[in-house]
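Coordinate inspection notes
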Amino acid sequence: MSWNAIDRKTVPAEEMGPGISEATKEKIRSFFPRYPSKQACMLPALHIAQDELGYVSLQAMRDIAQVLELPPAAVMDVVSFYTHFWTHPRGEKMLMLCRSLTCELLGSEKLRARIEEKLGIGDHETTPDGKFSFMTEECLAACDHGPCLMVNEKMHKCVSVEDVDRILDDPASDRLDIPRSDTYDAPPKA
Ligand code: FES
């Protein structure tokens, strides 16, 4: 086994991807009072950046590092730990299929095969038209209604293979019936 060392200082500009906007930096800073240190704002900062760009580019990692006054490697450590964060562009609709035990026993493997067959992509890939990205994920916290498939923020429960085509063809399949979470919206000004 051998290791390849990558010197990030020499990454071509086009591979750095877009940076985060000033508004996003300001939104991250607005979270500082809620946390004991700037470093502790790492996860909200990554969620906010991914909300803006659709993924966390290398430039976004550098920008976050600068805002949090940390080395860029500290940001990359966290990004590479969580499957939730993407380091390359995602599609408009993010499909997250539960791969944990209960859903697997209830048939998630068949759903995975149908999704991969219908979209022509595998885990952590995006369709060429940019419409869908697909990933498998650990327990989505609805085990009693497995197998579960999330489309963006909307959870689909007790999904059958026959349901997959309907869900993928439905333009509203990612729309929540309740207001979306505002967990990572900026706190209201005092
Ligand atoms: S095992 Fe699938 S939601 Fe928990």
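You'll find the structure just up there.
Summarised in this report is the structure supplied together with it. Only a predicted model underlies this, so the values are computations on that prediction, with no experimental measurement involved. (Residues numbered from 1 in each chain as written. Predicted model: local features only at pLDDT ≥ 70, side-chain atom pairs only at ≥ 80, totals over all residues. Heavy atoms only, no water.)

1. Considerations on the overall build of the protein
- Of regular secondary structure, the protein possesses eight helices and five strands.
- By principal-axis analysis of the C-alpha atoms, the protein measures approximately 50 × 50 × 30 Å.
- The buried share of the protein, reckoned over its 190 residues, is 39%.
- Sequence-distant contacts in the protein: of pairs separated by 6 or more residues, those separated by 24 or more amount to 66%.
- When the accessible surface of the protein is split by element, carbon and sulfur atoms take 54% of a total near 11200 Å².
- Of the charged side chains in the protein, 22 are positive and 31 negative; the average position of the first set lies 4 Å away from that of the second. (Helix = DSSP H or I, 4+ residues; strand = E, 2+ residues; numbered from the N terminus. Buried < 20%, exposed > 50% of the residue type's maximum accessible area, 1.4 Å probe, protein only. Contact = heavy atoms within 4.5 Å. Areas by Shrake-Rupley, 256 points an atom, 1.4 Å probe, with all protein chains shown as cover. Lys, Arg positive; Asp, Glu negative; His and termini not counted. Charge placed at Lys NZ, Arg CZ, Asp CG, Glu CD.)

2. Overview of the nonpolar core
- One finds Ile28, Leu46, Ile64, Leu68 and Val75 to be the most contacted residues of the largest nonpolar core, which totals 26 residues.
- Of all elements in the fold, only helix H3 (42-53), helix H4 (58-68) and helix H5 (72-81) reach the threshold of two or more residues within this core.
- Element by element, the count of residues in this core is highest for H4, at seven residues.
- When near neighbours in sequence (up to four residues on either side) are disregarded, Val75 contacts Met42, Leu46, Met61, Ile64 and Ala65. (Core = buried A, V, L, I, M, F, W, Y, C linked by side-chain atoms within 4.5 Å.)

3. A look at unusual backbone geometry
- The step from Gly146 to Pro147 runs through a cis peptide bond, and the omega angle for that step is -5°.
- Mapped onto the fold, Pro147 is located in the loop between strand E3 (132-137) and strand E4 (149-151).
- One non-glycine residue, His124, lies in the positive phi region at around 65°.
- Within the secondary structure layout, His124 lies in the loop between helix H7 (108-119) and strand E2 (125-126).
- Residue classification places His124 among the partly exposed residues on the basis of a relative accessible area of 27%.
- We note that Cys158 has phi near 50°; this positive angle belongs to a residue other than glycine.
- Examined against the element boundaries, Cys158 turns out to sit in the loop between strand E5 (154-156) and helix H8 (161-169).
- Of the residues examined, Cys158 reaches a relative accessible area of 47% and is grouped as partly exposed.

Any functional reading would require information beyond the geometric quantities listed.
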